[in-house]
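# Tertiary structure, described
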Amino acid sequence: MTRINLVLLLVLVACALSLVTSRHQARKLTTELARAEAQARTYEIEFGQLTLEQSTWAMPARVEKIARESKLQPPPAGRVVVVEVDEGRK
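Residues numbered from 1 in each chain as written. Predicted model: local features only at pLDDT ≥ 70, side-chain atom pairs only at ≥ 80, totals over all residues. Heavy atoms only, no water.

## Overview of the environment of phenylalanine 47
Tracing the chain through its elements places phenylalanine 47 in helix 1 (residues 2-57). The exposure class assigned to phenylalanine 47 is exposed, which follows from its relative accessible area of 59%. When the C-alpha positions of phenylalanine 47 and valine 11 are compared, they lie 53 Å apart, and in sequence the two are 36 residues distant. (Helix = DSSP H or I, 4+ residues; strand = E, 2+ residues; numbered from the N terminus. Buried < 20%, exposed > 50% of the residue type's maximum accessible area, 1.4 Å probe, protein only.)

## Section: helix 2 (residues 60-69)
Of all 10 residues making up helix 2, only zero are buried, and the element is barely covered by its neighbours. Phi turns positive, to about 60 degrees, at lysine 71, one or two residues after helix 2.

## Focus: a nonpolar patch on the surface
Together, Leu6, Leu9, Leu10, Leu12, Val13 and Leu17 make up an exposed nonpolar region whose accessible area comes to about 590 Å². Within the secondary structure layout, leucine 6 lies in helix 1. (Patch = residues over 30% accessible without salt bridge, like charges linked within 9 Å, V, L, I, M, F, W, Y side chains within 5 Å. Areas by Shrake-Rupley, 256 points an atom, 1.4 Å probe, with all protein chains shown as cover. Salt bridge = Lys/Arg side-chain N within 4 Å of Asp/Glu carboxyl O.)

## Quick notes on the pattern of salt bridges
Oppositely charged side chains can form a pair if their charged atoms are brought close together. For the structure on display, the rule yields two salt bridges. One salt bridge connects glutamate 64 with arginine 68, and the closest N-O pair in it is separated by 2.4 Å. Residue glutamate 64 and its partner arginine 68 are located together in helix 2, separated by four residues, close to a single helical turn. Since its relative accessible area comes to 41%, glutamate 64 is described here as partly exposed. Relative accessible area serves as the criterion here: at 60%, arginine 68 is assigned to the exposed category. Glutamate 69 is the partner of lysine 65 in a salt bridge, and the nearest nitrogen-oxygen pair spans 3.9 Å. One end of the pair, lysine 65, and the other, glutamate 69, are both in helix 2, four residues apart, so they sit about a helical turn from each other.

Shown next, in the form of C-alpha cells:
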C-alpha cells in the first residue's frame, strides 16, 4: 500500500509541476504576443506615414517646381529613347 501511495504522490507532483510549467509558458507566450501586436501596430502607423510622405514628395506639381527652380530642361530629341513593351510580357 505504501508503494502505491508513493507512486501516486510522485505522479501528483509531476502533474502539478507540468501544470505550473504550462501556465508559465502560456503567460510568457501571451506577453510575447501582446508585444508583437503592439510592434505590428507601430509598423502599420509608420507605413501609413511613409506612404503619405512618399505621395507628398512625388506630387507632379512639387517635382515640376523643383525642376523649374533648378533650371532643369528636357533632353534633346536625339537623346530620347522610346522603349516599346510587348503586351504579352507585362
